[in-house]
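Next come the chains, spelled out residue by residue.
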Amino acid sequence: MNPLIFTTILMTVLLGTMIVMMSSHWLMIWIGFEMNLLAIIPILMKKYNPRTMEASTKYFLTQATASMLLMMAIIINLMHSGQWTITKVFNPTASIIMTSALAMKLGLTPFHFWVPEVTQGISLTSGLILLTWQKLAPMSILYQISPSINLNILLTMAVLSILVGGWGGLNQTQLRKIMAYSSIAHMGWMTAVLVYSPTLTMLNMLIYIMMTLTMFMLFIHSSSTTTLSLSHTWNKTPLTTTLILITLLSMGGLPPLSGFMPKWMIIQELTKNSSIILPTLMAIMALLNLYFYMRLTYSTSLTMFPSTNNMKMKWQFETKRITLLPPLIVMSSLLLPLTPMLSILD
Amino acid sequence: MLKIIIPTIMLMPLTWLSKKNMIWINTTTYSLLISLISLSLLNQPSNNSLNFSLMFFSDPLSAPLLVLTTWLLPLMLMASQHHLSKEPLIRKKLYITMLTMLQTFLIMTFTATELISFYILFEATLVPTLIIITRWGNQTERLNAGLYFLFYTLMGSLPLLVALISIQNLTGSLNFLLIQYWNQALPDSWSNIFLWLACMMAFMVKMPLYGLHLWLPKAHVEAPIAGSMVLAAILLKLGGYGMLRITTMLNPQTSFMAYPFLMLSLWGMIMTSSICLRQTDLKSLIAYSSVSHMALVIVAVLIQTPWSYMGATALMIAHGLTSSMLFCLANSNYERTHSRTMILARGLQTLLPLMAAWWLLASLTNLALPPSINLIGELFVVMSSFSWSNITIILMGANITITALYSLYMLITTQRGKYTHHINSIKPSFTRENALMALHMTPLLLLSLNPKIILGFTYC
């Protein structure tokens, strides 16, 4: 794509999200979502083949439906409250519709079906933008309306997402689908604690974005999209196998890595609010996620020469440049001792 | 406590900056020095614990375990030299880094005051152990073994996290030094029963309890020698240590909640001892013997009398040294024949008489011969379980008999009798191996002269 046009489109995506995050007028928020959606379609279709067309179409249809539902919720809110300012949504109907619309945008169960298929059909870099940047705008709206969300619906969606994210990823070998199911599960964790402490949602979002960025950077570096092709990294750059191991263990939520911090804080917040079965269930279901991350590490870093792997070596293309990998790695694995700093967020 | 932790962390730059011919010498020497520092902790002047700071403390229960942990690192390094000799230098350094990381987490776990910090470090020990087992183990079964190890332990310990946070909610602080003074009875309710279960299951899986022990034979057998040593000697004791700490907070539910686990342990120790008699794999035999000894510790901890606590602590230290020594001996066989089958390396006494002496001492301490500390531990446990319920003496007596049976079976199969015809090409014992066995045996024998340092905090 012409670099000037590509920059313009990328800036429009950024602008759309910024408008959503910074507006106080409901209509502007809707406009921001639409700008974001329309501008990201050419980015998803950077390579012009039927698979990306299919993925972009699915993405467009689901997100457009969600935007329409959002508009309906805004109008109902306008009818009942008489103003366009974004505050807590007082009318329960509007609140439920808005929550469903935002869940559809995020990819929470039962609206998760588009995430694996869209992520699989696009290139790794577009998948990266899809799974990290696109989550920021809906999450910021959920943050702002969090006092008024119906707890039952949100918690049901969260727990189902964690289940689906865990079980769905078990049968996958394609890396992008694995990251998609991981995204569904993490969104579940984030929305579970939204009503109790939105700050922890933001913490989880931050650490999730760092870990997903790291994982995608490592995948882009070795140009691998399947588990088998990932098992060749020890041939090309053996150090990245260790980095993949550390980041995957961190995503699985193992102490002492930083992926444990959001899970621990969320469990703590939920337990302080006297729900005990819920965090236990969530924590045990996160083990399903850990299982397929471990499977990835087994084929990548923990079984090496002299055991052979089944994959033919690919042609050596030029090494893609990875932006910011060392700071990302450090942040996604070593942040746990900084947990007491979270007290400044109160 | 930083005087032990910081040098251990600094062992990692030491390995990465060492030259190729100095790497083993440097790490072994400095880890031995660190273990000498930790010996000073055994001097516990008052009845209360030694408080170093808000975060670290040491009391008569954790000090012997700490000394055992630091003593074991040089031994692990000595034992790993042979099987790593053909690996490239970077992989040797990675292996030593994993061992050192594991050591750091273990030291911090045994001295943690805050129970959540204990939990995080308890889980953190899983990661280096998993990497050691799956990356450097020898057979394809090690992948399955690593998964079993990780997931059994995690399934047990995630409810522990929730339980610890809810206890913190109730009591305001999880600092262990405070809790031992504040202790109140838990009210009787269904949710407190689940709290009891959530607190104990993590340690039951780690010990392991008989029904949940499936990960242990896999992990012990597939791990390389240092992995087996640290698993048998220390990681199982983490479960015992955790149980000893947390049962102080869990009364009075323990009086009735402990029954199923007591039954499982009493039955399990007989079952696992009996299975040892039918094993063909030497490491598997030692692994099942570990389950059997740890079942005794579980019985002791759940009975909760002063004598049983003394027996549990003594048994943990004694079993740590004995089991680690048995794994070293099994490894010396493995390095020569590249097989764990017992009968492939039999009749070794004629060829390696000094090693046969170590085999004899190890088997004798395994079957708890007087006056070793193994006997003291087992005897205290048997006595306290007899006072708890007279009938257990039958099971305990049967267990002691069967333990003697399989220990002698192992000794006679590997050492006595006519040697095999293919055995004439094995290398003689290295000085390193003899030093390893001596370093295991000497503390064990010396402790029988002064066992009060390992009898824990109920000795008075």
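Residues numbered from 1 in each chain as written. Chains lettered and ligands numbered in written order. Predicted model: local features only at pLDDT ≥ 70, side-chain atom pairs only at ≥ 80, totals over all residues. Heavy atoms only, no water.

*Asks:* So what's going on with the interface of chain B and chain A? Which residues, and what values?
*Replies:* On the chain A side, the residues contacting the 28 residues of chain B number 27 residues. Across the interface of chain B and chain A, roughly 2,600 Å² is buried in total on both sides, 82% from carbon and sulfur atoms. For chain B, the biggest contributors to the area lost against chain A are Ile120, Val162 and Ile165 of chain B; these three give 20% of the whole. Here chain B and chain A share zero salt bridges between them. Those elements that provide at least two residues to the side of chain B that touches chain A are α4 (89-111), α5 (115-124), α6 (126-136) and α7 (142-171) of chain B. At 16 residues, α7 of chain B tops the list of elements feeding residues into the side of chain B that touches chain A. (Contact = heavy atoms within 4.5 Å. Buried area = accessible area lost by both parts, 1.4 Å probe. Salt bridge = Lys/Arg side-chain N within 4 Å of Asp/Glu carboxyl O. Helix = DSSP H or I, 4+ residues; strand = E, 2+ residues; numbered from the N terminus.)

*Asks:* So what about the UniProt feature "transmembrane region" (unreviewed entry) in chain A? Which residues, and what values?
*Replies:* In the numbering used here, UniProt assigns the "transmembrane region" (unreviewed entry) feature to residues 26-45, 57-76, 96-115, 151-171, 202-220, 241-261, 276-294 and 322-345 of chain A. Measuring from the first to the last C-alpha atom of residues 276-294 of chain A gives 28 Å, for a span that is 95% helix and 0% strand. (UniProt positions renumbered as here; feature names shortened; annotations may be inferred.)

*Asks:* Got a sec to walk through the UniProt feature "domain: NADH:quinone oxidoreductase/Mrp antiporter transmembrane" (unreviewed entry) in chain B? Specific residues and values, please.
*Replies:* UniProt tags residues 112-397 of chain B as "domain: NADH:quinone oxidoreductase/Mrp antiporter transmembrane" (unreviewed entry). End C-alpha to end C-alpha, residues 112-397 of chain B measures 37 Å, and it is 76% helix and 0% strand.

*Asks:* Kindly report on the confidence of the model for chain B, identifying the contributing residues and their values.
*Replies:* Residues of chain B with pLDDT of at least 70 account for 99%, and the chain-wide mean is 91. Reported confidences for the modelled complex are a pTM of 0.93 and an ipTM of 0.91. (pLDDT = per-residue confidence, 0-100.)

*Asks:* Give a description of the packing of helix α12 (residues 254-276) of chain B against helix α17 (residues 392-415) of chain B that names residues and reports values.
*Replies:* Two quantities define a packed helix pair, namely the angle between the axes and the distance from one axis to the other. Residues and elements named next belong to chain B. In the contact formed by α12 and α17, the axes pass within 9 Å of each other and the chain directions differ by 20 degrees. Accordingly, the angle class assigned to the pair α12 and α17 is roughly parallel. Like other packed secondary-structure pairs, α12 and α17 cross with a definite hand, here left-handed. Two secondary-structure elements touch here, α12 through Leu266, Met269, Ile270, Ser273, Ser274 and Cys276 and α17 through Thr392, Leu395, Met396, Ala398, Asn399, Ile402, Thr403, Tyr406 and Tyr409. Tallied by class, residues from the contact of α12 with α17 come to 10 nonpolar, five polar and no charged. (Axes fitted to C-alpha atoms, helices over the stretch in contact; angles between N-to-C directions. Parallel < 35°, antiparallel > 145°, perpendicular 65-115°, else oblique. Left-handed = near helix turned anticlockwise from the far one by under 90°. Nonpolar A, V, L, I, M, F, W, Y, C, P; charged D, E, K, R; others polar.)

*Asks:* Explain the side chain of Ser265 of chain B to me, using residue names and the numbers behind them.
*Replies:* Counting through the fold element by element, Ser265 of chain B comes out in helix α12. If we skip the residues at most four places from it in the chain, Ser265 of chain B touches Leu209, Ala295, Ile298 and Val299 of chain B.

*Asks:* Before we move on, can you summarise the environment of Ala233 of chain B with the specific residues and values?
*Replies:* Residue and element names in this part refer to chain B. Tracing the sequence through the fold places Ala233 in helix α11 (residues 225-246). Classification of Ala233 by relative accessible area gives buried; the value is 0%. As a C-alpha pair, Ala233 and Thr322 span 89 residues in sequence and 8.3 Å in three-dimensional space. Sequence-distant contacts of Ala233, defined by excluding residues within four places in its chain, comprise Leu68, Leu72, Gly320 and Ser324. (Buried < 20%, exposed > 50% of the residue type's maximum accessible area, 1.4 Å probe, protein only.)

*Asks:* Outline unusual backbone geometry, supporting the account with residue identities and numerical values.
*Replies:* The step from Thr109 of chain A to Pro110 of chain A runs through a cis peptide bond, and the omega angle for that step is 5 degrees. With respect to the helices and strands, the residue Pro110 of chain A is situated in the loop between α4 (92-106) and α5 (114-121). One non-glycine residue, Ser274 of chain A, lies in positive phi territory at about 65 degrees. Positive phi, close to 55 degrees, is recorded for His338 of chain B, a residue that is not glycine.

*Asks:* Account for the packing of aromatic side chains, naming residues and giving values.
*Replies:* Applying the stated rule across the entire model yields 19 aromatic pairs over all chains. Ring centres of Phe118 of chain B and Phe203 of chain B lie 6.1 Å apart, and the angle between their planes is 40 degrees; on these two criteria the pair is classed as tilted. Of this pair, Phe118 of chain B sits in helix α5 while Phe203 of chain B sits in helix α9 (residues 190-206), and the two are 85 residues apart along the sequence. By the burial criterion, Phe118 of chain B is buried, and Phe203 of chain B matches it. Three or more aromatic residues link up through ring pairs in this structure, and these residues are Phe110, Phe118, Phe122, Phe203 and Tyr241 of chain B. Sitting above the plane of the Trp189 of chain A ring, Lys263 of chain A keeps its charged end 5.3 Å from the centroid. Geometry around Trp136 of chain B places Arg135 of chain B over its ring, the cationic atom sitting 5.2 Å from the centre. (Phe/Tyr/Trp six-rings, centres within 6.5 Å; stacked < 30°, edge-to-face > 60°. Lys NZ or Arg CZ within 6 Å of the ring centre and 35° of its normal.)

*Asks:* Could you give an account of empty space enclosed by the protein, with specific residues and numbers?
*Replies:* This structure, assessed with the given rule, holds eight cavities of 30 Å³ or more. The computed volume of the largest cavity comes to approximately 130 Å³. Forming the boundary of the largest cavity are 17 residues, of which Gly252, Gly253, Lys263 and Ala283 of chain A together with Leu158 of chain B lie nearest the centre. Of all the elements in the fold, those that place two or more residues in the lining of the largest cavity are α14 (260-272) and α15 (277-302) of chain A together with α5 and α7 of chain B. Ranked by residue count, the leading element in the lining of the largest cavity is α15 of chain A, at four residues. Approximately 100 Å³ is the volume attributed to the second largest cavity. Phe33, Asn36, Leu37, Tyr59, Gln63, Lys105, Trp114, Leu130, Gln134, Lys135 and Pro138 of chain A together form the lining of the second largest cavity. Counting residues per element, the ones that place at least two in the lining of the second largest cavity are α2 (26-44) and α3 (50-81) of chain A. (1 Å grid on protein atoms, 1.4 Å probe; cavity = no way out; pocket = protein on both sides within 12 Å on 5 of 7 lines; lining within 4 Å. Points joined across faces, edges and corners; volume = space filled by probe spheres on them.)

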